Amino acid sequence: MSRPAFLSAPLRVGRLIAGVLALATATLCTPAAAADKIKVGVFPSSAALPFYVAMNRGYFKDADLEIEEVPMTSHPLTVQALVSNGIDAAVNLVTLEGANMEARRPNTLKYISLNGQNSQHVIEQFVVKADSPAKSLKDFRNGFKLFSAPGPANIGAARAVLKKVGLVEGKDFTIQEQQIGVHIGALQSGNFDGGYTLEPSATIMVAQKVGKRVETGVIATYLLGNKSASAFAAGAVMSGKFMADKPDVAKRFAAAWARGVKEAQADSSARGYLVQGMKVPPELAATVPLPRIVMVKDMSAADVGDFQKFLDIGTELGVVKEKIDGKTLVRAF
């Protein structure tokens, strides 16, 4: 028996609705695609602030990225982790050690942003005990005992600066690498008279009246020969393998990082992320200085020149074993 015509339309509508509901149910039951995972090395310097901004404000999440923070205690360890694929990126790797590896093994890593340092945009500096009579670098005499931020680039720069002011290692001073986390204790213990440290360690020791600054921005002043130059001594980097294997993921990471860089420098409230991320006392967060962080795509001709000059100095110091063109060390996104 044929179905009455007046039943045909409702039946078709009913079947259509049932089909739509089934499709919707299937869609809801299908798991969402997992976010792409990235392991990021973080060295304890205030230059890591954009990382914490991007993490806390959801910029990495917006880019569909799942970030694993991997603490790094020295730059050589960071380079090793990049080479061994233990991490995919690092947010503040010193450029001289990155350049040395890149000169030996091209396409191991590329910088996507650089940290410009000087006496206005402070990171590196010399400090002494709070009760020290030393008022200038030239006062580091008579066996002055100094510590240095770790790694060949940091201690190499410290030695070169002291040599520039006429001091002789072994006669006027001694210097020894120490992890950033023990710098305050190194002054408190009396085992050291002073040292070459980074932010935010310096701000904390000054506020706690453990130490006092002697001079900031010493790389630009003494090594680049221009107090206003940008010493591009560190920056954010990605491994060559990561960029080659996952170009879209790398592009999204760079975009999220750029958002963090912009707000870290334009929004003063962003300094608050140093409290949790870098263990900076809340009352000091707003006073911690930052470098001038520049995305590679935004570097000026003067920036390119300052960067190349710094790399050439690294070669002179023996930290970078072969001369390298700074343009081959960066990647614009």
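See the structure above.
Remember, it's a predicted structure, so these values are computed and weren't measured experimentally. Position labels on residues start from 1 in each chain and follow its written sequence. It should be noted that, the model being predicted, local features are given only for residues of pLDDT at least 70 and side-chain atom pairs only at 80 or more, the latter also being counted only at that level, while totals for whole chains, interfaces and linings use all residues. To get the side-chain values, all heavy atoms of the structure are used, and hydrogens and water are removed first.

Some remarks on the sheet that holds strand β7 (residues 173-177)
Picture the strands of a sheet paired through backbone hydrogen bonds; they go either parallel or antiparallel. What the five strands build is an open sheet, ordered β7-β6-β8-β5-β9; its pairing is mixed. What marks the edges here is a single partner per strand, and that holds for β7 and β9 (211-216). Each neighbouring strand pair of the sheet contributes to a mean axis angle of 25°, computed without reference to strand direction. Two strands form a pair only when DSSP identifies at least two bridges running between them. Each helix is a run of H or I in the DSSP string that is no shorter than four residues. Each strand is a run of E no shorter than two, and both are numbered from the N terminus. Across five bridges, the pairing between strand β6 (residues 144-148) and β7 is parallel. Looking at the pairing, Phe144 lines up with Phe173 of β7. In the packing of helix α6 (residues 152-164) onto the sheet, the strands contacted are β5 (125-129), β6, β7 and β8 (194-197), and the crossing angle to β7 comes to about 165°. Lines are fitted to the C-alpha atoms to define the axes, a helix being fitted only along its stretch in contact, and any angle between axes, read from their N-to-C directions, falls within 0 to 180 degrees. Whether two residues are in contact is decided by their heavy atoms, any of which lying within 4.5 Å being enough.

What about the packing of helix α2 (residues 49-56) against helix α11 (residues 247-266)?
As a packed pair, α2 and α11 sit with axes 8 Å apart at the nearest point and diverge in direction by 110°. By the angle between their directions, the pair α2 and α11 is classed as roughly perpendicular. Only Ala256, Trp257, Gly260, Val261, Glu263 and Ala264 of α11 make contact with α2, whose side of the interface consists of Leu49, Pro50, Phe51, Val53 and Ala54. Three categories are distinguished: nonpolar for Ala, Val, Leu, Ile, Met, Phe, Trp, Tyr, Cys and Pro, charged for Asp, Glu, Lys and Arg, and polar for the others, with Gly belonging to the last. Looking at the contact of α2 with α11, its residues break down into nine nonpolar, one polar and one charged. Small angles under 35 degrees read as roughly parallel and large ones over 145 as roughly antiparallel, with 65 to 115 read as roughly perpendicular and the rest as oblique.

Considering the packing of aromatic side chains
Pairing of aromatic rings covers Phe, Tyr and the six-membered ring of Trp, with a centre-to-centre limit of 6.5 Å; geometry is then stacked below 30 degrees between planes, edge-to-face above 60, and tilted otherwise. Applying the stated criterion across every chain yields a total of eight aromatic pairs. Three or more aromatic residues joined by ring pairs make a cluster, and in this case those are Phe51, Tyr52, Phe60 and Phe253.

Describing the sheet that holds strand β11 (residues 292-295)
As summarised here, the arrangement of the six strands in space is β2-β1-β3-β10-β4-β11, forming an open sheet in which the pairing is mixed. Each end of this open sheet is capped by a strand with a single partner; those strands are β2 (65-71) and β11. Taking each pair of neighbouring strands and ignoring which way they run, the sheet shows an average axis angle of 25°. Where strand β3 (residues 89-94) lies against strand β10 (residues 231-239), four bridges are found, and the strand directions are antiparallel. Bridged to Ala90 within β10 is Val237. Sheet strands in contact with helix α5 (residues 95-104) are β3, β4 (109-117) and β10, and its direction is about 155° off that of β4.

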